[in-house]
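Structural features, examined
What follows is each chain in one-letter form.
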Amino acid sequence: MSAIRLARGFTGRDMIIKFEGCYHGHGDSLLVKAGSGLLTFGNPSSAGVPADLARHTLVLDYNDEQGLRDAFIKHVKEIACVIVEPVAGNMNLIAPKPEFLAAMREMCTLHGAVLIFDEVMTGFRVGPGSAQGLYGITPDISTFGKVIGGGMPLGAFGGRREIMEQIAPLGPVYQAGTLSGNPLSVAAGLVTLKKIAAPGFYEALAAKTNALVDGLTAAAKKRGVNFCAQSVGGMFGVYFAATPPTSYAEVMASDKDAFNRFFHAMLDAGFYFAPSAYEAGFVSAAHSDADIAATVAAADAIFAQG
Ligand SMILES: *Cc1c(COP(=O)(O)O)cnc(C)c1O
């Protein structure tokens, strides 16, 4: 919410671009879903969001480089920002095509728009440099949450100095709150960030996540189940589909009933996956190799039953 206000204040423009299936919190401008077809202006996806506000949000397809380029050409000098989950995690896990992120950076720079990476989920989870470090793309503003709070409620955003200097009292963009800079959350977050900065932390996390994904994939293949999985750092996706989806539409085409059966059978066996075919999973530092092996074994037994 604040990052978008800042982007609008900095550029003096109203229009924002988001991608279908990405979630950026419960701010009014962001609770918008696309109508049919490409380049559609959004309709509110929650009661209480004025249509007048939603019409400033352009909803495009994730990983559609051409759609993004077309939108910038159609709305030249109107777009304040592009906001994106650099690895999407709120529609299952969707990996970005490198050219999609690169086009975003190129178009924002060319047209004076602000590129916002929403790293609330990916931040300090996919690597020590978050997704921007992993893919080598520097956004203008980044937002963080989740991991940086160390289990306490915390959100943060930061970016280029000339943009951040637009915030009051230096600049005209207002941002404040009674609990802003909450010392307890910041203390918990700092301890967490120090702990995960230990050498080898991310290598170990990625190795465990890979082992889970590889184990599940091998078990499904052995049992002839239409299933695949992938991971980025400590994030993973499981799909009842032949290949990992690259867009919201492809996620929607995966076998949701097969996922629901798998989810409940795993839960009955004592393994709690994310309870939706449209959420990413996370491996935690607390998961042991034995936990991963037991998860794969349980999935194998379920796949064996068809
Ligand atoms: C969880 C999430 C948010 C929202 O964070 P809250 O702290 O729940 O408001 C925003 N963006 C992404 C990518 C998220 O995963």
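So, how was this worked out
- Residues numbered from 1 in each chain as written.
- Predicted model: local features only at pLDDT ≥ 70, side-chain atom pairs only at ≥ 80, totals over all residues.
- Heavy atoms only, no water.
- Axes fitted to C-alpha atoms, helices over the stretch in contact; angles between N-to-C directions.
- Helix = DSSP H or I, 4+ residues; strand = E, 2+ residues; numbered from the N terminus.
- Parallel < 35°, antiparallel > 145°, perpendicular 65-115°, else oblique.
- Left-handed = near helix turned anticlockwise from the far one by under 90°.
- Contact = heavy atoms within 4.5 Å.
- Salt bridge = Lys/Arg side-chain N within 4 Å of Asp/Glu carboxyl O.
- Buried < 20%, exposed > 50% of the residue type's maximum accessible area, 1.4 Å probe, protein only.
- Near = heavy atom within 4 Å.
- Polar contact = N/O pair within 3.5 Å; in protein donor to acceptor, adjacent residues only side chain to side chain.
- Areas by Shrake-Rupley, 256 points an atom, 1.4 Å probe, with all protein chains shown as cover.
- 1 Å grid on protein atoms, 1.4 Å probe; cavity = no way out; pocket = protein on both sides within 12 Å on 5 of 7 lines; lining within 4 Å.
- Sits in = over half its atoms within 2 Å of the grid points.
- Nonpolar A, V, L, I, M, F, W, Y, C, P; charged D, E, K, R; others polar.
- Core = buried A, V, L, I, M, F, W, Y, C linked by side-chain atoms within 4.5 Å.
- Domains from an automatic or database assignment.
- Buried area = accessible area lost by both parts, 1.4 Å probe.

1. Quick notes on the packing of helix 8 (residues 201-223) against helix 11 (residues 289-304)
- In the contact formed by helix 8 and helix 11, the axes pass within 9 Å of each other and the chain directions differ by 20°. Judged by the inter-axis angle, helix 8 sits roughly parallel to helix 11. Crossing of helix 8 over helix 11 shows right-handed handedness. Here Lys-208, Ala-211, Leu-212, Gly-215, Leu-216, Ala-219, Ala-220, Lys-222 and Arg-223 of helix 8 lie close against helix 11, whose contacting residues are Asp-289, Ile-292, Thr-295, Val-296, Ala-299, Asp-300, Phe-303 and Ala-304.

2. Some points on the pattern of salt bridges
- If you walk through the whole model with that rule in mind, you get nine salt bridges.
- A salt bridge links Asp-52 to Arg-55, with the shortest nitrogen-to-oxygen separation between them at 3.4 Å.
- Its relative accessible area of 54% is what places Asp-52 among the exposed residues.
- We classify Arg-55 as partly exposed; its relative accessible area is 47%.
- The residue Asp-140 makes a salt bridge to Arg-160 at a minimum N-O spacing of 2.7 Å. With a gap of 20 residues between them, Asp-140 in the loop between helix 5 (130-135) and strand 8 (141-144) and Arg-160 in the loop between strand 9 (156-159) and helix 6 (161-164) connect regions that are remote in the sequence.
- For Asp-140, a relative accessible area of 4% gives the class buried.
- For Arg-160, a relative accessible area of 33% corresponds to the partly exposed category.

3. Some thoughts on the environment of Thr-209
- Tracing the backbone through its elements, the reader meets Thr-209 in helix 8.
- Each C-alpha atom, one on Thr-209 and one on Ser-231, is 6.6 Å from the other, the two residues being 22 residues apart in sequence.
- Leaving out residues up to four positions away in the same chain, Thr-209 has contacts with Ser-231, Gly-233, Gly-234, Met-235, Phe-236 and Val-283.

4. A look at the site of the ligand
- Taken together, Tyr-23, His-24, Gly-25, Glu-85, Asn-90, Asp-118, Val-120, Met-121 and Lys-146 make up all the residues around the ligand.
- A distance of 3.1 Å separates an oxygen atom of the ligand from a polar atom in the side chain of Asn-90.
- In this structure, Asp-118 approaches the ligand through a side-chain N or O atom, which is 2.6 Å from a nitrogen atom.
- Within the complex, the protein chains bury 70% of what would otherwise be the 380 Å² of accessible surface of the ligand.
- If you map the ligand onto the pockets, it falls in the largest pocket.
- Residue composition of the shell around the ligand, grouped by class: three nonpolar, three polar and three charged.

5. A closer look at the nonpolar core
- One finds Ile-17, Phe-19, Tyr-62, Leu-68, Phe-72, Val-82 and Met-104 to be the most contacted residues of the largest nonpolar core, which totals 27 residues.
- When residues of this core are traced back to their parent elements, those giving at least two are strand 1 (15-19), strand 5 (57-60), helix 3 (65-74), strand 6 (79-84), helix 4 (98-111) and strand 7 (114-118).
- The greatest single-element share of this core, amounting to six residues, is contributed by helix 4.
- Contact partners of Phe-72, with chain neighbours within four places excluded, come to Ile-17, Ile-79, Val-82, Met-107, Cys-108, His-111 and Ala-113.
- Core analysis: the second largest hydrophobic core is formed by 25 residues, Ala-258, Phe-262, Ala-277 and Phe-303 among them.

6. Some remarks on unusual backbone geometry
- That bond from Ala-168 to Pro-169 is cis: its omega, 10°, falls within 30 degrees of zero.
- Phi is positive for Asn-63, close to 70°, though the residue is something other than glycine.
- Classification of Asn-63 as buried rests on a relative accessible area of 7%.
- A positive phi is found at Asn-92, a non-glycine position, where the angle reads about 70°.
- Here Asn-92 is to be found in the loop between strand 6 and helix 4.

7. Here's the deal with the domain arrangement of the chain
- In terms of domain boundaries, the chain breaks down into domain 1 (2-196) and domain 2 (201-304).
- Averaged C-alpha coordinates put domain 1 and domain 2 at centres separated by 27 Å.
- On the domain 2 side, the residues contacting the 24 residues of domain 1 number 22 residues.
- Carbon and sulfur atoms supply 67% of the area buried between domain 1 and domain 2, which totals about 1,900 Å² over both sides.

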